[in-house]
Amino acid sequence: MSARIDQRSIMSRHREAGAAIVVTGAAGGIGGGIVERLLADGWRVIATDLSASALERLKDGAGDDALSLAALDVADSAAVDALARDLKARSVAVAGLVNAAGLLQDVTPFMAMDEAAHRRIWDVNYFGALACTRAFGAAIMAGGGGAIVNITSINESRPLPLHAYAPTKVALGSLTALTAGEFGQAGLRVNAVAPGFTLTPIMRQKIEAGLRDDSAIKQATAMGRLVEIEEIAAVVGFLMSDAASAVSGASIPVDAGWLATAHWMNFGSALG
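Basis of the calculations
- Residues numbered from 1 in each chain as written.
- Predicted model: local features only at pLDDT ≥ 70, side-chain atom pairs only at ≥ 80, totals over all residues.
- Heavy atoms only, no water.
- Helix = DSSP H or I, 4+ residues; strand = E, 2+ residues; numbered from the N terminus.
- Buried < 20%, exposed > 50% of the residue type's maximum accessible area, 1.4 Å probe, protein only.
- Polar contact = N/O pair within 3.5 Å; in protein donor to acceptor, adjacent residues only side chain to side chain.
- Contact = heavy atoms within 4.5 Å.
- Pairing = 2+ DSSP bridges.
- Axes fitted to C-alpha atoms, helices over the stretch in contact; angles between N-to-C directions.
- 1 Å grid on protein atoms, 1.4 Å probe; cavity = no way out; pocket = protein on both sides within 12 Å on 5 of 7 lines; lining within 4 Å.
- Points joined across faces, edges and corners; volume = space filled by probe spheres on them.
- Nonpolar A, V, L, I, M, F, W, Y, C, P; charged D, E, K, R; others polar.
- Expected span 1.5 Å × (residues − 1).
- Phe/Tyr/Trp six-rings, centres within 6.5 Å; stacked < 30°, edge-to-face > 60°.
- Lys NZ or Arg CZ within 6 Å of the ring centre and 35° of its normal.
- Core = buried A, V, L, I, M, F, W, Y, C linked by side-chain atoms within 4.5 Å.

Enquirer: Just to check I follow, could you spell out the side chain of Q105 for this structure?
Expert: Structurally, Q105 is set in the loop between β4 (94-99) and α6 (115-142). Of the residues examined, Q105 reaches a relative accessible area of 12% and is grouped as buried. A polar contact is formed between the side chain of Q105 and the backbone nitrogen of H163, at a distance of 3.5 Å. The contact partners of Q105, leaving out residues within four places of it in the chain, are M113, I121, L162, H163, A164, Y165 and R212.

Enquirer: Teacher, can you tell me more about the environment of Y165 here?
Expert: Counting through the fold element by element, Y165 comes out in helix α7 (residues 165-183). Residue Y165 is classed as buried on the basis of its relative accessible area, which comes to 11%. Here the alpha-carbon distance between Y165 and Q105, two residues 60 residues apart in the chain, equals 6.2 Å. For Y165, the residues in contact, after removing those within four places along its chain, are L103, L104, Q105, I121, N125, T152, S153 and N155.

Enquirer: Any chance you could explain the sheet that holds strand β3 (residues 67-71) here in plain terms?
Expert: Whenever strands of a sheet pair, they do so through backbone hydrogen bonds, lying parallel or antiparallel. Strand order across the open sheet formed by seven strands is β3-β2-β1-β4-β5-β6-β7, with parallel pairing between neighbours. Edge strands, defined here as strands with exactly one partner in the open sheet, are β3 and β7 (251-254). Direction aside, neighbouring strands of the sheet carry axes that sit 20° apart on average. In this structure, β4 lies alongside strand β5 (residues 146-151), joined through four bridges in parallel fashion.

Enquirer: Looking at this structure, I do not really get the layout of surface pockets. What am I missing?
Expert: Empty space among the atoms becomes apparent when a probe as large as a water molecule is rolled across them. By volume, the largest pocket is sized at about 1300 Å³. Together, 49 residues line the largest pocket, and G102, L103, L104, Y165 and I202 are the ones closest to its centre. Residue assignment for the lining of the largest pocket shows that the elements contributing at least two residues are α3 (29-40), β2 (44-49), α6, α7, α8 (201-208) and α9 (214-219). For the lining of the largest pocket, the element with the highest residue contribution is α8, accounting for four residues. By residue class, the composition of the lining of the largest pocket is 28 nonpolar, 14 polar and seven charged. Approximately 240 Å³ is the volume found for the second largest pocket. Forming the boundary of the second largest pocket are 13 residues, of which A84, K88, V92, A139 and A142 lie nearest the centre. Breaking the lining of the second largest pocket down by element, the ones donating at least two residues are α5 (77-89) and α6. Residue contributions to the lining of the second largest pocket peak at five residues, all from α5. Residues of the lining of the second largest pocket, tallied by class, amount to nine nonpolar, one polar and three charged.

Enquirer: Teacher, can you tell me more about α7 here?
Expert: An α-helix turns once per 3.6 residues; consequently, residues spaced three or four apart project the same way. In this model α7 runs 27 Å from its N-terminal to its C-terminal C-alpha over 19 residues, within 8% of the 27 Å that 1.5 Å per residue would give. Among the residues making up α7, those that are buried are Y165, A166, T168, K169, A171, L172, G173, L175, T176, T179, A180 and F183. In this structure, the buried side of α7 is in contact with α6, β5 and β6 (188-195).

Enquirer: Looking at this model, I keep getting lost on the packing of aromatic side chains. Mind explaining?
Expert: Ring pairs (aromatic) are described by centroid distance and by the angle formed between their planes. For the coordinates displayed, the defined rule picks out three aromatic pairs. On the numbers, 5.1 Å between centres and 80° between planes, the contact of Y126 with F127 is edge-to-face. On the numbers, 5.9 Å between centres and 70° between planes, the contact of F197 with W258 is edge-to-face. A residue pair is termed long-range when its members are at least 10 positions apart, and F197 in the loop between β6 and α8 and W258 in helix α11 (residues 258-261) qualify at 61 residues. We note that F197, like W258, is buried. Taken together, the aromatic side chains of W122, Y126 and F127 make up a single cluster linked through ring pairs. In this arrangement the basic side chain of R15 is found over the ring face of W43, its NZ or CZ atom lying 5.9 Å from the centre.

Enquirer: When you look at the side chain of N99 in this model, what are you seeing that I'm missing?
Expert: Relative to the helices and strands, N99 resides in strand β4. A polar contact is formed between the side chain of N99 and the side chain of T133, at a distance of 3.3 Å. At 2.8 Å, the side chain of N99 forms a polar contact with the side chain of N150. N99 has contacts with T24, A129, C132, T133, I148, V149, N150 and I151, leaving out every residue within four places of it along the chain.

Enquirer: How should I be thinking about the nonpolar core in this particular structure?
Expert: Looking at soluble globular proteins, one finds that nonpolar side chains tend to be buried together. Counting 34 residues, the largest nonpolar core has V23, I34, V35, L38, V98, V193 and M240 as its most contacted members. Mapped by element, the contributors of at least two residues to this core are α2 (10-16), β1 (20-24), α3, β2, α4 (52-62), β4, β5 and α10 (229-239). The residues contacting V35, other than those within four sequence positions of it, are V23, A26, V45, A47, L58 and L67. Formed by 25 residues, the second largest nonpolar core is a distinct cluster that contains I46, V74, L83 and A135.

Everything listed here is a matter of geometry and, on its own, says nothing about what the molecule does.
Quick look at the structure:
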């Protein structure tokens, strides 16, 4: 009974003890929203991103002493390991990891894809998350357990015409389930959040440039709208809390019901 109670309160105890959550891709739209949410929930956050200048802007906006910055290319596994060692040397306890770093992709015909660009997307979206899971997951388990959240996509469940990006999210969803099964006995929960079409700054730019049809997207969702960044962050916050103490190996879509209703468009006016 004591072990079960211990696992059900582990995130609260870590937070109260000043442990940190590492967030990759923290200067991006979704990553920045996740950082903001975790700080509001009382966590110490180690925000990492490839862009040091973008991280500084994030720090200026947050104005929170609980936020620390670390420039990091997650595709560089040696750099990931070095950051994990540095945190350990500075006695920074790591209770969680959010793998939010990711490269997007423009719609490109399969035969026109650039192989180097394709590999770079895999290096960041999948192998970067793999490296961070190994380095920081080891630290989390050494500290008695915690949680990892991988940011995947609705592409994990539906093939959209993004021939490099979509397969990385399928692979990351599979990695989520595999590591959840392996790490559970060590008290480490692993889950995924799968955003739908979300109103990030990049999405707003694409809509304004005519590269995304927001009216068509809205029509294809059950709720008739796109997702807000804070709605993604709220689910991550839940998964990083004791409220999710029995949730592991799950992939939670946050898509305004797009996965549930997108194919209804084949039935004319079925959505009204």
